[in-house]
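Structural features, examined
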Amino acid sequence: SSSAASDVYKRQAFTLVNQYDESVDITNMVMGFKLFESIFNKFVTGEVSVYDGLHLPKNFRMTGQEYIRIAFRQKEGIGEDADSDYAIDKTFRVYKLDNVQRIDELTQTYVLRICDPRMFYARKKKISQTLRGRYDQILQNALIDVGKFKVEEFDAWEKTVPENKQFICPNWTISQLIDYIVNNSQTSDSHGYKNGMFFYQTLNGGFRFLSFDTMAGMEFPLKFTMTP
C-alpha cells in the first residue's frame, strides 16, 4: 500500500516510539510508505519515507531500537471508514535508517526500513528439545511457548497429518523450525504434494499456516470490476 492512494485510504497514525518510551507523531512528515506481505516470507516488512525538519535521528535519540505504529483504514463512502477487516493497525520495528539526503540546514529526507518486531527474535531464539504431535500443533506450541506469539494472532491454521510425529529439534532457531515444518507438512487434502504448506503473516490479519489448495479456494469478498 502507498500514500499515493490517499483517495482510497485514510491515514490514522504514524507514531514513532524510541527506547526511552518517548513518542512523536510523524504523520505529517511521511511522504510515502510501502508495506509488503508474501506467502513466501514469514513476516511483513515495509519502508517509510520521511521529510524531516526536526532532526529526529539526533533530537529523538534514534539508535535503531525504535518502533513505529502504522494505522490506516480504507474509505467506504463520503465521510465513512471501512470496518476493521479493511484496516491495518500494526507496530513495526525500525531496523535501519537509509537513503539520507540533506535538503538544507534544517531539513533532510530518509527512509525507515521496518519489519515485524519478532522477525529478528525468530532468527536468534533457539529451541533444543523433543517435539511431539501434529506438525501444525508443534509449530503453534513452539511459537507460543518460545516465540512470544499469542493465540489470537493465528487467524487461519490448517490441520496436518499424521496425528503423531516426534522429532528432536537440534538447537534450531525458531525460523529454522518454521522452515522445517513448512517443508515437511501436508494436509489430508493435499494428496501428498510436497512443499504445499505456507507460513506467513498478513497485514490486516495475523499469522497463517495454510496449504496451497486451501488458499487457491479462498475468495476475496469483493468482486473485481473494471470500473474505476
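Keep in mind that this is a model prediction, so the values were computed, not measured.

Moving on: the overall build of the chain. Assigned secondary structure in the chain consists of five helices and 13 strands. Here the chain, with 228 residues, has 42% of them falling under the buried criterion. Long-range pairs, those at least 24 residues apart, make up 65% of the contacts in the chain between residues at least 6 apart in sequence. Of the roughly 13,300 Å² of accessible surface on the chain, a fraction of 48% belongs to carbon and sulfur atoms.

Side chains of Met-31, Tyr-51 and Ile-103 sit close together on the surface and give an oily, nonpolar patch of about 300 Å² of accessible area. By the secondary structure assignment, Met-31 is in strand 3 (residues 30-36).

In this section: the sheet that holds strand 13 (residues 207-211). As summarised here, the arrangement of the three strands in space is 10-13-12, forming an open sheet in which the pairing is mixed. Looking at which strands have only one partner, the edges of the open sheet turn out to be strand 10 (154-157) and strand 12 (197-201). Geometrically, the sheet is characterised by an average inter-axis angle of 15° between neighbouring strands, direction not taken into account. Summarising the sheet, strand 10 and strand 13 pair through three bridges and their orientation is parallel. Directly across from Ala-156, in strand 13, lies its bridge partner Arg-208. Each of strand 12 and strand 13 touches helix 4 (residues 174-184); the most contacted strand, strand 12, lies at about 140° to it.

Time to look at the packing of aromatic side chains. The full count for this structure, using the stated rule, is 16 aromatic pairs. For the ring pair Tyr-95 and Phe-120, a centre distance of 5.8 Å and an interplane angle of 65° mean the geometry is edge-to-face. With Tyr-95 in strand 7 (residues 87-102) and Phe-120 in helix 2 (residues 118-124), this residue pair connects regions lying 25 residues apart in the sequence. Judged by relative accessible area, which is 22%, Phe-120 ranks as partly exposed. Plain terms: the ring middles of Phe-167 and Tyr-180 are 5.0 Å apart, the flat faces sit at 40° to each other, and that makes the pair tilted. Of this pair, Phe-167 sits in strand 11 (residues 165-173) while Tyr-180 is found in helix 4, placing the two residues 13 residues apart along the sequence. Residue classification places Phe-167 among the buried positions, given a relative accessible area of 11%. An aromatic cluster of three or more residues is present, and its members are Phe-43, Phe-149, Phe-154, Trp-157, Phe-199, Phe-207 and Phe-209. The ring of Tyr-20 is capped by Arg-61, whose NZ or CZ atom sits 3.9 Å from the centre of that ring.

Among the five residues of strand 13, five are classified as buried, and the element is accordingly described as predominantly covered. With burial as the criterion, each face of strand 13 is covered, one bearing Phe-207, Phe-209 and Ser-211 and the other bearing Arg-208 and Leu-210. Counting the residues in the hairpin turn of strand 12 and strand 13 gives five residues.

Turning to helix 3 (residues 135-145), a few remarks are in order. Among all positions of helix 3, only Tyr-135, Asp-136, Ile-138, Leu-139, Ala-142 and Leu-143 are buried. Down the axis of helix 3, the buried side of the element spans an arc of 165°, and every buried residue falls inside it. Buried positions along helix 3 lie against strand 9 (126-133), strand 10, strand 11, helix 4, strand 12 and strand 13.

For the rest of this paragraph, the subject is the nonpolar core. Counting 25 residues, the largest nonpolar core has Leu-143, Leu-177 and Phe-199 as the members making the most contacts within it. Among the elements of the structure, helix 2, strand 9, helix 3, strand 11, helix 4, strand 12 and strand 13 are those that each provide at least two residues to this core. The contacts of Leu-177, once residues within four sequence positions are left out, are Ile-127, Leu-131, Ala-142, Phe-167, Cys-169 and Trp-172.

This part takes up the pattern of salt bridges. Here the structure, examined in full by the defined rule, presents eleven salt bridges. Notably, a salt bridge pairs Asp-98 with Arg-113, separated by 3.1 Å at the nearest N-O pair. Placement of Asp-98 in strand 7 and of Arg-113 in strand 8 (residues 108-115) is noted, with a sequence separation of 15 residues between them. Through salt bridges with shared partners, one network takes in Arg-134, Asp-136, Lys-159 and Glu-163.

Conventions and cut-offs
- Within any chain, residue numbers begin from 1 and follow the written order of that chain's sequence.
- Local features in a predicted model are, by the rule used here, given only for residues with pLDDT of at least 70; side-chain atom pairs are given and counted only at 80 or more, and totals for whole chains, interfaces and linings are based on all residues.
- To get the side-chain values, take all heavy atoms of the structure and skip hydrogens and water.
- Each helix is a run of DSSP H or I of at least 4 residues and each strand a run of E of at least 2, with the numbering of both proceeding from the N terminus.
- Only protein chains enter the calculation, and the probe is 1.4 Å; a residue is then buried if its accessible area is under 20% of its type maximum, exposed if over 50%, and partly exposed in between.
- Only heavy atoms matter for contacts: two residues are in contact if any of them lie within 4.5 Å across the pair.
- All accessibility values rest on the Shrake-Rupley procedure with a 1.4 Å probe; residue burial counts only the protein chains present in the view.
- Residues enter a patch when their relative accessible area is above 30% and they make no salt bridge; the linking distance is 9 Å between like charges and 5 Å between nonpolar side chains (Val, Leu, Ile, Met, Phe, Trp, Tyr).
- Salt bridge criterion: a side-chain nitrogen from Lys or Arg within 4 Å of a carboxyl oxygen from Asp or Glu.
- Strands are labelled as partners when DSSP assigns at least two bridges between them.
- Axis lines are fitted through C-alpha atoms, for helices just across the contact stretch, and the angle between N-to-C directions can take any value from 0 to 180 degrees.
- Side-chain rings of Phe, Tyr and Trp (the six-membered ring for Trp) are treated as a pair once their centres are within 6.5 Å; stacked means planes under 30 degrees apart, edge-to-face means over 60, and tilted covers the remaining angles.
- Only Lys NZ and Arg CZ are tested; either one counts as a charge over a ring when it is within 6 Å of the ring centre and within 35 degrees of the ring normal.
- Here the arc refers to the set of directions running from the helix axis out to each C-beta atom.
- Each nonpolar core is a collection of buried residues, namely Ala, Val, Leu, Ile, Met, Phe, Trp, Tyr and Cys, held together in the definition by side-chain atoms within 4.5 Å.

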